Amino acid sequence: MENYIEIHGNSIEFLRDNSAHHCHWPRPSSLAAPPLAGWCLNMFSFIDCCCIFAIFKTPAESPQDRGLSMSAQNVGSRAGAFRLHMVTWNVGTAEPPADVRSLLQLDLQPATDLFVVGLQEVNATPVRYISDLISEDSWSHLLMDTLAPMGFIKVTSVRMQGLLLILFAKQVHLPFIRDIQSTYTRTGLFGYWGNKGGVSVRFSFYGHMLCFLNCHLAAHMNYALQRMDEFEYILDTQDFDMYNTPQVLDHKVVFWFGDLNFRIADHGMHFLRSSINNGRFNLLWDKDQLTMMKKKEPILQEFEEGPLCFKPTYKFDRFSETYDTSGKKRKPAWTDRILWRIKPKAIETEDENRSTSSSLSDDDEYPIKVTQDMYTCDVSYGVSDHKPVIAAFNLEMRKKVETPLVTLTAEGHWSADEDATFTYTILENFESSTWDWIGLYKIGFKSASDYSTFAWVKDDEVAANGEVVTVQMSKNELPLLAGDYVLGYFSTNMQTLIAFSPIFQILASQQAVMEGLVPQNINGHEK
């Protein structure tokens, strides 16, 4: 029996034995901080607390270009190409290295639009795990600290014990990343333990349904069939509350990645290491278990993978590029993989084909093309006995949506010397709530929770479409020092920041000058 509580907006849902019980409450007139929607806690025993599923789904962003506006006009044309950078890494409970810039390939051109990072074996001792749920884990902190100055915001994350999946995006894309949902499946100890399994995030990107599934499957050479069973079990059990994409394979594009643990069969250690040292990786492909399974498993035949033209990523001595020299002398293997699947077109009967011949299908009218530009590992990182695997993709698609749901405008001059005013207007219907809020974000912010202050939306009732709503922020809550800021509208039901204002400047307050926090300008001279 599994009990849990979900809070969304101004409703609470208690689930027990697959039955749901709802209640609603009014938004309090004052609250120290807005509730970041989407958190869910499973009520387990203390031992099971290592499988708590607690997600603060907090998309947000930080533009660096002063000329960049978050309005719809500046998003671009309907057809576009987007860059996706993915990383999978079994980190072996290690703390992160000092620098991950080369892992993220931040200097590559064209610039990346989305980052998806999947980690396995993140340190998940009970005390550490609970601490990470409260204040983010060290890996998430490092990634946010690295990507925020480049204009990327943490959109969402999901954690199940040692499995972690994080999504980052440029701020300009946030209003068009919608319907974010996450789930997880445990496969360790017959499904009762979360050291193995899969975590996933699904969302709509400009109207196209994408799903990312990060897995850690059963280990050891002789468990290839069990790995397949676990993968199929994960696909069967992961459900989303979406009428058009209730399961993973319903999405237009699925990325499956992680420590899949498939090994290289039959070959002896000498032949393996000789082939690797001479860069003749192709000699090992036919005995790669995943490649072999693809020949007979129909579900795997729907997935694509780039050529394995890089060193097997397991098992290395830590802080070296030398394969296992311990007494076990594990055989090298491509355990860490990144695959993708484009949803096959539905097979139509002759009658269905006749009846729909006059109209284009969604796939025909809004096609999506996935091209892999890079698939490699980075052997320079040595904190784990696995090397991280990197893949870069080009997503070509025609945008189904390109109008934000809400517009935001900062009115007049802003400083902590007087109350500030802004307006918002709802442009399209969405599941808005009186628990929605608007945050004030300094440029360079990391996530939706990284606000300077916030204000609730219109009290008591949801604003009508086209209605211009005026909201004030108290001067006592505004920053004293000058800086560049943006307003962001957070939807508690959609669990994301769905709109941003253009960038504006907050001026240094007189109080800051009087307290000597900024130099005072007298007759053109700073004092």
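All values derive from a computational prediction rather than experimental measurement.

Calculation criteria
- Counting restarts for each chain, with residues numbered from 1 along the sequence as it is written.
- Restriction of local features to residues with pLDDT of at least 70 applies here, the model being predicted, together with a cutoff of 80 or more for giving and counting side-chain atom pairs; totals for whole chains, interfaces and linings are based on all residues.
- Heavy atoms throughout the structure, all of them, feed into the side-chain values; hydrogens and water do not.
- Being paired, for any two strands, means DSSP has found at least two bridges between them.
- Comment: elements are numbered from the N terminus, with helices defined as DSSP H or I runs of at least four residues and strands as E runs of at least two.
- Axis definition: a line fitted to C-alpha atoms, over the contacting stretch in the case of helices. Angles run 0 to 180 degrees between N-to-C directions.
- Here's how the labels work: a residue is buried when its accessible area is under 20% of the maximum for its type, exposed when over 50%, partly exposed in between, all with a 1.4 Å probe on protein chains only.
- In protein, a polar contact means a hydrogen-donor-capable atom and an acceptor-capable atom, both N or O and within 3.5 Å, with residues adjacent in sequence counting only if both atoms are side-chain atoms; elsewhere, any N or O pair within 3.5 Å suffices.
- Throughout, a contact is declared for two residues whenever any of their heavy atoms are within 4.5 Å.

Trainee: Can you break down the sheet that holds strand E21 (residues 468-473) residue by residue, with the values?
Mentor: Spatial ordering of the open sheet is given by E16-E18-E21, a layout of three strands whose pairing is antiparallel. Two strands in the sheet have a free side with no partner beyond their single neighbour: strand E16 (406-411) and E21. For this sheet the average axis-to-axis angle between neighbouring strands, irrespective of direction, equals 25°. Where E16 and strand E18 (residues 420-426) come together, six bridges link them in antiparallel fashion. Its bridge partner being in E18, Ala410 is matched across the sheet by Phe422.

Trainee: Pulling in residues and values, what's your account of the pairing of strand E8 (residues 163-170)?
Mentor: When you tally the buried positions in E8, you get seven out of eight residues, the bulk of the element. Across six bridges, the pairing between strand E6 (residues 114-120) and E8 is antiparallel. Along E8, the bridge assignment pairs Val117 with Ile166. Direction of pairing for strand E7 (residues 152-160) relative to E8: antiparallel, over a ladder of eight bridges. Note that in E8 the partner of Ile153 across the bridge is Ala169. Where E7 folds back on E8, the antiparallel hairpin that results is connected by two residues, among which Gln161 adopts a positive phi of roughly 55°.

Trainee: Account for the side chain of Gln289, with residues named and values stated.
Mentor: Residue placement: Gln289 occurs in helix H7 (residues 289-294). On the accessibility criterion, Gln289 (8% relative accessible area) is buried. A polar side-chain atom of Gln289 sits 2.7 Å from a polar atom in the side chain of Arg227. Non-local contacts of Gln289, meaning those with residues more than four positions away in its chain, are made with Met221, Ala224, Arg227, Phe262, Arg263 and Ala265.

Trainee: Lay out the pairing of E21 with the relevant residues and their values.
Mentor: Consecutive side chains along a regular strand alternate between the two faces of the sheet. Side chains Val469, Val471 and Met473 of E21 all project onto a buried face; the interleaved residues Val468, Thr470 and Gln472 project onto a face where none is buried. Where E18 lies against E21, six bridges are found, and the strand directions are antiparallel. When the bridges of E21 are listed, Thr425 appears paired with Val468.

Trainee: Give a detailed account of the environment of Gln238, specifying residues and quantitative values.
Mentor: Structurally, the position occupied by Gln238 is in the loop between helix H4 (224-237) and strand E12 (253-259). Considered as a pair, Gln238 and Val199 are 39 residues apart in the sequence and their alpha carbons are 8.9 Å apart. Discounting residues that sit within four places of it in the chain, Gln238 has contacts with Thr183, Tyr184, Thr185, Gly198, Val199, Ser200, Leu213, Pro246, Gln247 and Val248. A polar contact is formed between the side chain of Gln238 and the side chain of Thr185, at a distance of 3.2 Å. Among the polar contacts listed, one links the side chain of Gln238 to the side chain of Ser200, at a separation of 2.6 Å.

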